[in-house]
Amino acid sequence: MLIQDLQLTNREGGLRLEAGLHHEDSDREPFSLFVEVGESSGRGFWEDPNGFLLAALFPAWNRGEKRVRLEGAPCPVLLGNLKAACDTLQHWYPELGDPPVVESTSAPRALNPVGNEAAAFLSCGIDSLATVRANKLAVAGDHPLSIKIGIAIDYERPHGITEKEERNRAAHRRTAAEQVCRDAGMTPLVVKTNILRMSDGYFFDYKWHAAAMSAVAYCVSRRCHKVYIASSYTIPQLRPWGSHPLLDPYYSSAHLSVEHHGIEMTRMEKIGRAHV
């Protein structure tokens with residue numbers, strides 16, 4: 001798979017990052033992957049090639065691509081981490097075979113962190129709410145690890161729902177995220193992407209969704225130096241899943257840290273924490 005022509009463009013009411021994905025070993029049409037935000041949320045939104053590498057690598061693997069060639073310079077820290085993530089997924093799912101070889105048009109380069117804020121993905125379910133509440137109770141507001149941004153992702157055309165349902169879900173998600181952020185003293189960041197079109201629901205859930213979420217975070221890595229992904233399970237419940245303590249931290253790079261958070265809290269403890 002070739003990742004080409006990454007560009008940032010102005011659109012009516014917002015900004016869009018977009019790159020072309022071209023398959024080499026599977027018979028598929030070229031795909032234009034985009035991530036977009038509203039104009040008021042454009043601070044720190046930039047063409048980080050690492051996000052598009054992270055978005056494309058696992059779907060390319062699932063589709064039998066032998067390599068992923070990035071137009072740009074990947075982070076060497078992320079490249080090493082992705083080896084660990086791929087090893088874990090291959091151990092869980094040997095039917096995947098060998099992962100694609102990652103190539104790039106420019107030499108790998110480690111960037112210094114530029115962002116000075118921490119963010120959390122905000123589905124407004126109990127897991128993400130407990131992560132936000134735990135952070136607010138444990139970390140002073142002026143600390144670099146204090147969550148200042150709640151990222152809500154609007155996935156274009158989620159599997160199995162109509163366009164009308166998609167619009168309704170997006171509206172409800174936006175309203176809920178804005179309310180939570182207002183109560184928690186955070187800034188909501190609503191991001192729309194068509195990344196879900198690159199996989200089926202099973203692959204997204206069991207193998208890929210934390211990588212896809214982290215890919216979105218890289219698009220604001222000049223604003224955020226850290227992002228929290230709320231855990232789904234406690235340690236006794238752990239099983240192969242697309243967000244996992246053996247995966248999520250390995251989506252980090254030299255300039256963006258990804259944390260799998262809340263594994264120490266049971267579901268009931270999360271409910272109690274979120275309602276304190």
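Residues numbered from 1 in each chain as written. Predicted model: local features only at pLDDT ≥ 70, side-chain atom pairs only at ≥ 80, totals over all residues. Heavy atoms only, no water.

What about the pattern of salt bridges?
Right, so step 1: On inspection of all chains with the given rule, the structure shows 13 salt bridges.
Right, so step 2: One salt bridge in this structure joins Glu24 and Arg67, with 2.8 Å as the shortest N-O distance. Here the residue Glu24 occupies a position in the loop between strand 2 (14-22) and strand 3 (31-38), and Arg67 occupies one in strand 4 (residues 67-70), the gap between them amounting to 43 residues.
Right, so step 3: Judged by its relative accessible area of 36%, Glu24 falls in the partly exposed class.
Right, so step 4: For Arg67, a relative accessible area of 24% corresponds to the partly exposed category.
Right, so step 5: Put simply, Arg67 and Glu103 hold a salt bridge, and the shortest N to O gap is 2.7 Å. Of this pair, Arg67 sits in strand 4 while Glu103 sits in strand 5 (residues 101-104), and the two are 36 residues apart along the sequence.
Right, so step 6: The exposure class assigned to Glu103 is partly exposed, which follows from its relative accessible area of 30%.
Right, so step 7: When salt bridges with common partners are traced through the structure, they connect Arg11, Arg16, Glu18 and Glu36 into a single cluster. (Salt bridge = Lys/Arg side-chain N within 4 Å of Asp/Glu carboxyl O. Helix = DSSP H or I, 4+ residues; strand = E, 2+ residues; numbered from the N terminus. Buried < 20%, exposed > 50% of the residue type's maximum accessible area, 1.4 Å probe, protein only.)

Here's the deal with the packing of aromatic side chains
Right, so step 1: Throughout the structure, instances matching the rule amount to 9 aromatic pairs.
Right, so step 2: Note on Phe203 and Trp208: the rings are 6.0 Å apart at their centroids and 40° apart in plane angle, and the pair reads as tilted. Like Trp208, Phe203 is buried.
Right, so step 3: For the pair Tyr206 and Trp241, a centre-to-centre distance of 4.9 Å together with 80° between the ring planes defines the contact as edge-to-face. With a gap of 35 residues between them, Tyr206 in helix 5 (residues 201-218) and Trp241 in the loop between strand 9 (224-230) and strand 10 (257-261) connect regions that are remote in the sequence.
Right, so step 4: Judged by its relative accessible area of 14%, Trp241 is buried. (Phe/Tyr/Trp six-rings, centres within 6.5 Å; stacked < 30°, edge-to-face > 60°.)

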